[in-house]
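If you want the building blocks of each chain, they are given just below.
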Amino acid sequence: MITARAAASFDPLGRSVAAARGFVRDTLHGWGFADIVDDAVVLTSELVTNAVVHAGTRAEVLCLRAEEGVRVEVADRYPERELPLQHPGERPYADPDRENGRGLMLCAALATRWGVEYTATHKHVWFRLDLPDRPVGTRSAGPVVPDQLLPLADSRVRVAVLQIDAADTVSAWNEDAEHIFGHPSEKAVGRPLAELAAWPQTPGTGTGIAEALRLSRWEGSYGIRGADGRVIPVYASHLRVRDAHGEPSIVCLLVHDDERALLQSPLRVPSDGSQLNEARLPDPFEMFIGSPAPDDLDGLLQRTVERARDMLDADSAFLLLATDDETELEVRATTGLPSTRQRFARVPVEAGTNRYGSARMPAVHDDLSAVPGAVPLLEATGMRSVVTVPLKVEGRLTGSLGVATEYPGRYSNEDALRLQFAADRIALAVESARLGELERLRRGSLSFLVEASDLLAGTLDRDQTLALMAQMTVPTLATWCAVYTIADQTSDPYLSYVLHEDEERIDGLKDLLSQVSPPEPVREAGARPWPDASLTVGGETVVLPLLARNRVIGMLTLGRPSEEHFRQEILELADDLSRRAALALDNARLYSERTAISRSLQRSLLPPGSPAIPGMEVEVIYRAAGEGNEVGGDFYDVFPIRPGVYGFAIGDVCGTGPEAAAVTGLARHALRLLAREGLGGPAVLERLNAAILDEGARSRFLTLLYGELHPQPNGGALMKVVCAGHPLPLRLRPSGEVTPAADPQPLLGVMEDLELYEQTLTLDPGDVLLCVTDGITERREGTRMLGDDGLTEVLTTCTGLTAGAVASRVLRAVERFAAEPASDDMAILTFRVPHQREGE
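Residues numbered from 1 in each chain as written. Predicted model: local features only at pLDDT ≥ 70, side-chain atom pairs only at ≥ 80, totals over all residues. Heavy atoms only, no water.

Q: It is not clear to me how the overall build of the protein chain should be interpreted in this structure. Could you clarify?
A: Broken down by element type, the protein chain carries 20 helices and 34 strands. In the protein chain, which comprises 840 residues, the share counted as buried stands at 46%. Sequence separation of 24 or more characterises 60% of the internal contacts of the protein chain that already satisfy a separation of 6 or more. Surface accessibility of the protein chain: about 41,100 Å² in total, with carbon and sulfur atoms responsible for 51%. (Helix = DSSP H or I, 4+ residues; strand = E, 2+ residues; numbered from the N terminus. Buried < 20%, exposed > 50% of the residue type's maximum accessible area, 1.4 Å probe, protein only. Contact = heavy atoms within 4.5 Å. Areas by Shrake-Rupley, 256 points an atom, 1.4 Å probe, with all protein chains shown as cover.)

Q: Any chance you could explain the sheet that holds strand β24 (residues 634-642) here in plain terms?
A: Across a sheet, strands are paired by hydrogen bonds formed along the backbone, either parallel or antiparallel in direction. Pairing in this open sheet of five strands is antiparallel, and the strands run β24-β25-β26-β27-β30 from one edge to the other. The open sheet is flanked by β24 and β30 (759-763), the only strands paired with a single partner. Averaged over all pairs of adjacent strands, the angle between strand axes in this sheet comes to 20 degrees, irrespective of strand direction. Sheet topology note: the β24/strand β25 (residues 645-653) ladder contains eight bridges and is antiparallel. Bridging from a neighbouring strand, Tyr-636 pairs with Ile-650 of β25. This element, helix α16 (residues 681-694), spans β26 (702-711) and β27 (717-724) of the sheet and lies at about 150 degrees to β26. (Pairing = 2+ DSSP bridges. Axes fitted to C-alpha atoms, helices over the stretch in contact; angles between N-to-C directions.)

Q: Help me understand the nonpolar core, please; the structure alone is not making it clear to me.
A: As a rule of thumb, nonpolar side chains are buried together in soluble globular proteins. Leu-685, Leu-704 and Leu-748 are the most contacted members of the largest nonpolar core, which has 51 residues in total. At seven residues, the largest contribution of residues to this core is made by helix α15 (residues 658-676). Those residues within four positions of Leu-704 in sequence are excluded, and the remaining contacts are Phe-635, Ala-649, Ile-650, Gly-651, Leu-671, Leu-685, Leu-688, Val-722, Cys-723, Ala-724, His-726 and Leu-748. Residues Tyr-484, Val-498, Val-552 and Ile-570 belong to the second largest nonpolar core, which totals 46 residues. (Core = buried A, V, L, I, M, F, W, Y, C linked by side-chain atoms within 4.5 Å.)

Q: Even after reading the chapter, I still don't get the pairing of strand β7 (residues 170-173), so can you show me in this structure?
A: The side chains of a regular strand alternate between both faces of the sheet. Of the strand pairs in this sheet, strand β6 (residues 160-164) and β7 are connected by three bridges, and their pairing is antiparallel. If you follow Gln-163 over to β7, its bridge partner there is Ala-172. Between β6 and β7, which pair antiparallel in sequence order, lie five residues; one of them, Asp-168, sits at a positive phi of approximately 65 degrees.

Q: Where do I start with a negative patch on the surface in this structure?
A: A cluster of acidic residues, Glu-686, Asp-694, Glu-752, Asp-753 and Glu-755, forms a negative patch on the protein surface. Mapped onto the secondary structure, Asp-694 falls in helix α16. (Patch = residues over 30% accessible without salt bridge, like charges linked within 9 Å, V, L, I, M, F, W, Y side chains within 5 Å. Salt bridge = Lys/Arg side-chain N within 4 Å of Asp/Glu carboxyl O. Lys, Arg positive; Asp, Glu negative; His and termini not counted. Charge placed at Lys NZ, Arg CZ, Asp CG, Glu CD.)

Q: Looking at this structure, how should I read the side chain of Thr-465?
A: Assignment of secondary structure puts Thr-465 in helix α11 (residues 462-473). The buried category is assigned to Thr-465, whose relative accessible area is 0%. A distance of 2.8 Å separates a polar side-chain atom of Thr-465 from the backbone oxygen of Asp-461. Once residues lying within four places of it in the same chain are set aside, the contact partners of Thr-465 are Leu-456, Thr-459, Ala-584, Leu-585 and Ala-588. (Polar contact = N/O pair within 3.5 Å; in protein donor to acceptor, adjacent residues only side chain to side chain.)

Q: In this structure, what is going on with the pattern of salt bridges? I would like to understand it.
A: Close approach of charged atoms allows side chains with opposite charge to pair. As enumerated under the stated definition, the model contains 31 salt bridges in all. Note that Glu-117 and Arg-71 form a salt bridge whose closest N and O atoms lie 3.6 Å from each other. Of the two residues, Glu-117 is situated in strand β4 (residues 113-118) and Arg-71 in strand β3 (residues 69-76); the sequence distance between them amounts to 46 residues. A salt bridge links Arg-396 to Glu-431; the nearest nitrogen and oxygen atoms lie 3.0 Å apart. Pair noted here: Arg-396 is in strand β17 (residues 396-405) and Glu-431 is in helix α10 (residues 413-457), with a separation of 35 residues, a long-range link. Classification of Arg-396 by relative accessible area gives partly exposed; the value is 34%. Among the charged side chains, a salt-bridge network with shared partners connects Arg-21, Arg-25, Glu-451 and Asp-454.

Q: What should I look at first to understand the sheet that holds strand β22 (residues 551-560) in this one?
A: Spatial ordering of the open sheet is given by β19-β18-β22-β21-β20, a layout of five strands whose pairing is antiparallel. This sheet does not close on itself; its edge strands, each paired only once, are β19 (494-500) and β20 (528-529). Against the sheet, α11 touches β18 (480-485), β19, β21 (540-548) and β22, its axis set at about 40 degrees to β19. Packing of helix α12 (residues 506-514) onto the sheet brings it into contact with β18 and β19, and relative to β19 it is tilted by some 145 degrees.

Q: Sorry, what's going on with the environment of Leu-47 here?
A: Take Leu-47: it is sitting in helix α2 (residues 37-55). Its relative accessible area of 4% is what places Leu-47 among the buried residues. Counting along the chain gives 78 residues from Leu-47 to Val-125, while the straight-line C-alpha distance between them is 7.6 Å.

Q: Explanation requested: the packing of aromatic side chains in the structure shown.
A: Both the distance between ring centres and the angle between the ring planes are used here to describe each pair of aromatic rings. Scanning all chains against the criterion turns up seven aromatic pairs. With a centroid separation of 6.3 Å and an interplanar angle of 75 degrees, the aromatic rings of Trp-31 and Phe-33 are classed as edge-to-face. A single burial state applies to Trp-31 and to Phe-33, both of which are buried. Ring geometry for Trp-218 versus Tyr-222: centroids 6.0 Å apart, planes at 40 degrees, classification tilted. Both residues of the pair, Trp-218 and Tyr-222, belong to the buried class. Positioned over the ring face of Phe-421 is Arg-425, at 4.4 Å from the centre of the ring. Directly above the aromatic system of Phe-817 lies the positively charged group of Arg-784, at a separation of 4.4 Å from the ring centroid. (Phe/Tyr/Trp six-rings, centres within 6.5 Å; stacked < 30°, edge-to-face > 60°. Lys NZ or Arg CZ within 6 Å of the ring centre and 35° of its normal.)

Q: Looking at this structure, how should I read a nonpolar patch on the surface?
A: Side chains of Phe-701, Val-750 and Met-751 sit close together on the surface and give an oily, nonpolar patch of about 270 Å² of accessible area. For Met-751, the location among the structural elements is in the loop between β29 (738-740) and β30.

Q: Would you take a moment to explain the state of the cysteines for this structure?
A: Linking two cysteines covalently through their sulfur atoms gives a disulfide. This structure, assessed with the given rule, holds zero disulfides. With no disulfide of its own, Cys-771 lies closest to Cys-723 among cysteine sulfurs, the gap being 8.8 Å. (Disulfide = S-S within 2.5 Å.)

Q: In this structure, what is going on with the environment of Ser-496? I would like to understand it.
A: For Ser-496, the location among the structural elements is in strand β19. Sequence separation between Ser-496 and Asp-463 is 33 residues; the distance between their C-alpha atoms is 8.9 Å. Excluding residues that lie within four positions of it along the chain, Ser-496 makes contacts with Arg-462, Leu-466, Val-483, Tyr-484 and Thr-485. At 2.5 Å, the side chain of Ser-496 and the side chain of Thr-485 are in polar contact.

Q: I'm lost on the environment of Ala-588 in this one. Help?
A: Relative to the helices and strands, Ala-588 is located in helix α14 (residues 568-605). For the pair Ala-588 and Ala-457, spaced 131 residues apart in sequence, the C-alpha separation works out to 9.9 Å.

Q: What am I meant to see in α16 here?
A: Two residues of an α-helix separated by three or four positions point the same way, owing to the 3.6 residues in each turn. The terminal C-alpha atoms of α16, which comprises 14 residues, lie 20 Å apart, in line with the 20 Å expected from a rise of 1.5 Å per residue. For α16, the full list of buried residues reads Gly-681, Pro-682, Val-684, Leu-685, Leu-688, Asn-689 and Ile-692. Here the buried residues of α16 occupy an arc of 160 degrees about the axis, which is enough to place them on one side. Backbone geometry just downstream of α16 places Gly-696 in the positive-phi region, at approximately 70 degrees. (Expected span 1.5 Å × (residues − 1). Arc of directions from axis to C-beta.)

Q: What's the story with α12 in this structure? I'm lost.
A: Residues Ile-506, Leu-509 and Leu-513 constitute the buried set of α12. Relative to the axis of α12, the buried residues are bounded by an arc of 60 degrees and lie together on one face. Seen from the buried face of α12, the exposed residues on the opposite side, beyond 90 degrees, are Asp-507 and Ser-514. The elements touched by buried residues of α12 are β18, β19 and α13 (531-537).

Q: Help me understand the packing of α10 against α11 in this model?
A: The description of two packed helices rests on the angle between their axes and on the distance between the axes. Contact pair α10 / α11: the axes reach a minimum separation of 10 Å and the direction vectors enclose 165 degrees. With respect to α11, the element α10 is oriented roughly antiparallel. Regarding α10 and α11, the two cross each other, and that crossing is right-handed. Taken together, the residues of α11 that come into contact with α10 (itself represented by Phe-448, Ala-452, Leu-455 and Leu-456) are Thr-465, Leu-468, Met-469 and Met-472. In terms of residue class, the contact of α10 with α11 is made up of seven nonpolar, one polar and no charged. (Parallel < 35°, antiparallel > 145°, perpendicular 65-115°, else oblique. Left-handed = near helix turned anticlockwise from the far one by under 90°. Nonpolar A, V, L, I, M, F, W, Y, C, P; charged D, E, K, R; others polar.)

Okay, here's the thing in structure tokens:
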């Protein structure tokens, strides 16, 4: 039965894939389905990519919530594109080397069920992800059992009773709660339960604390932080009630976790009505671990070391898991040991100095002081007597379990056999849980890398790329990170970016790293230790090279506090991220260099300034389109030819880039040179036309408005113009009349023999001459275009304005004509003859 639904549509754009991932992630988190978010995000990413990129249509995503899980549908409007069929001799459709079909391969691997449905207008690809099974408590009467099989409890049984109000804060705290946790009532009441609870302390809590407090009834394990700071494992039963006024609250009953039998609901009677076999022998695994067994690896390992410690009356216990190659053991759970003996520290397996020589066989050490280094984990802990046993599955070493005490000679071979018996009972469950954890990590890593690749591909800004690298690393992979960059092969590494999960410690971290020589740039991939930084900053520090295009462009350094260690899976994920980040950083560098070169070239193709012309107002506005990495084809110039005579030009070369830049530079410099040789307008343009054609295959056609300006003593101006294929100049009279100021003639760079002619006009006081490139007249909004008529209409509103004001009004009108940014360069050249009284 569907209990909730959420839907969204996404345009056929690349950024829609990230938006779809965010939609599914937010939806599932809102529904409390955190267990399956990673798989859903990965599958949605692939299916939406197929729709918006490969099919090129809108993608419609529908999420359906049911009691057992969630169903996600991705629909595109390309029903004709059916699933590819596999023919004999061909690669399967789900080949990872192909661009398409990956989403279906992932559906087959990750989804509980999946399928494809077709309609007349849509193709629906759907998948279903079921939630993990969560045991539900039931009520029933237990059988009569001998006294010796009854559960253990203290002689004075204490049950903490808490009441949680609608704001999730403690409103009642009984005497037993004070005794168990050490908090007096006056200090506990009014505090949020989330401040006291360590959630989850032990497995079986598939929900979060906020969700659990909203359920009508909940039962499970977690921890409560005592007054001394220690976490006390408890078993809890929550019941949601309401008072006479209808106000809801939660009554919580809590006991020590090893007394859970006082509250724990009995197992459910089979639905067919048959009774459980009371004579069934107890399961050895359940006898050692307890029932219900934790359903996650960390909880199972922690429960194991606690049970092992209690079984042999030890002071401490520890459990290590073997790496995949069985060459090292990794600390995964401890109890009774100093905090410095943290998880994920590694020790070699084979015998030798500081090596764990007793991993593959049970071993008893009467006094560790007589065999230093036998168990590296216990050095400087005060432990003297220790027994260790291997965890094996089908003869393969999967881990090691040990218990220790401060007294020498405590353990015997019989104790080792007891511990080995327990280890044999839990080895398979531990290995299954470990493989499940690795699978979850793999899926989470896949989701992480998909998101990281999308974010890194979305920017070509160097500084933003550096910031993204750091933000994706901290705190997901490390406590802090620093990025060093290398400008070229002769430069030393430079500290470019530092980030710490505690923002107040960033400046201090920079100071510490500045005291250490940068890590040596090594081309070998993978993480390596950085001892210098570890000694200075403290904790564990590793360095990963940033390799791009067969050279080292920097280093990514990651650090953790001294009590934590990097897991191999985290380092492998960081290595994958560093490769993607290095390519993104190098792309940003190349883009920045190309942009800088383009801007420098663009500036060189435009005049440094316009000369002051007596009796004339001259205004120029130039706007380059695009992102700044292409040289535009529009240009303008105003320059003196001889005393009292000035040349002006505004043109547009076909296209952009280096070829267009070559023609632009040729045109601007040739115009000045030929005009100063005394040639008239037609002769200047005819020689320029010949020079463009001489460029051969590199030539581009050119539209050009060229003219000579002769200021007159009476305050007017005589103009001689030639308009070669360019938008016609417009003349604005003080009366508001707008007329073309020239006739159209052939453009340059196409025909060899041109017969151009010069036209003469006189600008009277108050007249304006407006010259533009086609980026102005061809401004579009959908199917509408500004055109010559639209420009004329704008110009009629400019009577009485200065040349600068006219140019600015025209530009604003053009920009407001369409919502999208301009796709073509725009140049505006405006002349105006002021009235004599304006110049006084």
